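Observations on the three-dimensional arrangement
One letter stands for each residue in the lines below.
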Amino acid sequence: DGGITQSPKYLFRKEGQNVTLSCEQNLNHDAMYWYRQDPGQGLRLIYYSQIVNDFQKGDIAEGYSVSREKKESFPLTVTSAQKNPTAFYLCACRDRGIQPQHFGDGTRLSIL
Amino acid sequence: GESVGLHLPTLSVQEGDNSIINCAYSNSASDYFIWYKQESGKGPQFIIDIRSNMDKRQGQRVTVLLNKTVKHLSLQIAATQPGDSAVYFCAENEAQKLVFGQGTRLTINP
């Protein structure tokens, strides 16, 4: 059954700690995306990747980093430089052409 | 479950009535628009899409209308059911990236 999987569902970060959120897809889609969602707001783009070994900053990239070493994987690291990391993080992927993005079920990150 | 949005615009409808959710978009050059449904604690789920060369598209119980003159998008849900309760987002495609609206919370009254 094809899809996009995010893990873990819940994650806690200590002050000064980096944490990595996992996103894996088996849809063979080229493009992958990371969004942040805060209460009362829509989704804001953090980073995106159109192809393996290439990625671009979105609107709120500061304090985050990504890698795209494999087509199916696009992990997001929330670094200690991100001073307000508490949010719901969503990963998406998209096939070539004018197509909708397909989302995972998110990771909720909280500060201890 | 967790709340997706605490201060979203809210639309309340009676079960069985039709729902109309509106969205204003910003970029007149956007060529593709999508409606998503998001339930509490889950990721957005694709509902229906429309390209800029169309003004109406119908799916199962849903219709999307696009008015490019006033940059307005609407989602109509026929015979609203309790399972339709969720937050609904419109998104416009700009250079292979999606720009999302704030969202509208749809609640169903029995």
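Each value, and the rule that gives it
- Residues numbered from 1 in each chain as written.
- Chains lettered and ligands numbered in written order.
- Predicted model: local features only at pLDDT ≥ 70, side-chain atom pairs only at ≥ 80, totals over all residues.
- Heavy atoms only, no water.
- Salt bridge = Lys/Arg side-chain N within 4 Å of Asp/Glu carboxyl O.
- Helix = DSSP H or I, 4+ residues; strand = E, 2+ residues; numbered from the N terminus.
- Buried < 20%, exposed > 50% of the residue type's maximum accessible area, 1.4 Å probe, protein only.
- Pairing = 2+ DSSP bridges.
- Axes fitted to C-alpha atoms, helices over the stretch in contact; angles between N-to-C directions.
- Disulfide = S-S within 2.5 Å.
- Contact = heavy atoms within 4.5 Å.
- Buried area = accessible area lost by both parts, 1.4 Å probe.
- Polar contact = N/O pair within 3.5 Å; in protein donor to acceptor, adjacent residues only side chain to side chain.
- Nonpolar A, V, L, I, M, F, W, Y, C, P; charged D, E, K, R; others polar.

Overview of the pattern of salt bridges
All names here are of chain A. Taken as a whole and assessed by the stated rule, the structure comprises six salt bridges over all chains. Its salt-bridge partner being lysine 71, residue aspartate 30 comes within 3.3 Å of it at the nearest N-O pair. Here lysine 71 lies in the loop between β7 (64–66) and β8 (76–78) and aspartate 30 lies in the loop between β3 (19–25) and β4 (31–37), a separation of 41 residues in the sequence. For aspartate 30, a relative accessible area of 15% translates into the label buried. Of the charged contacts, one joins aspartate 38 and arginine 36 as a salt bridge, the two residues approaching to 2.9 Å between their closest N and O atoms.

What to know about the sheet that holds β3(A)
All names here are of chain A. An order of β1-β3-β8-β7 is seen for the four strands of this open sheet, with the pairing classed as antiparallel. Edge positions in the open sheet fall to β1 (4–7) and β7, since each of these has one partner strand only. In this sheet, adjacent strand axes meet at a mean angle of 20° when their direction is disregarded. Pairing between β7 and β8: three bridges, direction antiparallel. Directly across from serine 65, in β8, lies its bridge partner threonine 77.

Observations regarding the state of the cysteines
This model, assessed by the stated rule, comprises two disulfides over all chains. Here Cys23(B) pairs with Cys90(B) through a disulfide, and the sulfurs are 1.6 Å apart. A residue pair is termed long-range when its members are at least 10 positions apart, and Cys23(B) in strand β2 (residues 19–24) and Cys90(B) in strand β8 (residues 86–94) qualify at 67 residues. Since its relative accessible area comes to 8%, Cys23(B) is described here as buried. Overall, Cys90(B) belongs to the buried group, its relative accessible area being 7%. No disulfide involves Cys93(A); its sulfur sits 7.0 Å from that of Cys23(A), the nearest cysteine.

Let's talk about the interface of chain B and chain A
Between chain B and chain A, the contact holds 26 residues from the first and 26 residues from the second. Where chain B abuts chain A, roughly 2,000 Å² becomes buried across the two surfaces, and 54% of that area is made up of carbon and sulfur atoms. At the surface where chain B touches chain A, the tally comes to zero salt bridges. Our count for the chain B to chain A interface comes out at four residue pairs in polar contact (both at pLDDT 80 or more). Residue assignment for the side of chain B that touches chain A shows that the elements contributing at least two residues are β3 (32–38), β4 (45–51) and β9 (97–100) of chain B. Here the side of chain B that touches chain A takes four residues from β3(B), the largest share from any one element. Residues of the side of chain B that touches chain A, tallied by class, amount to 11 nonpolar, nine polar and six charged.

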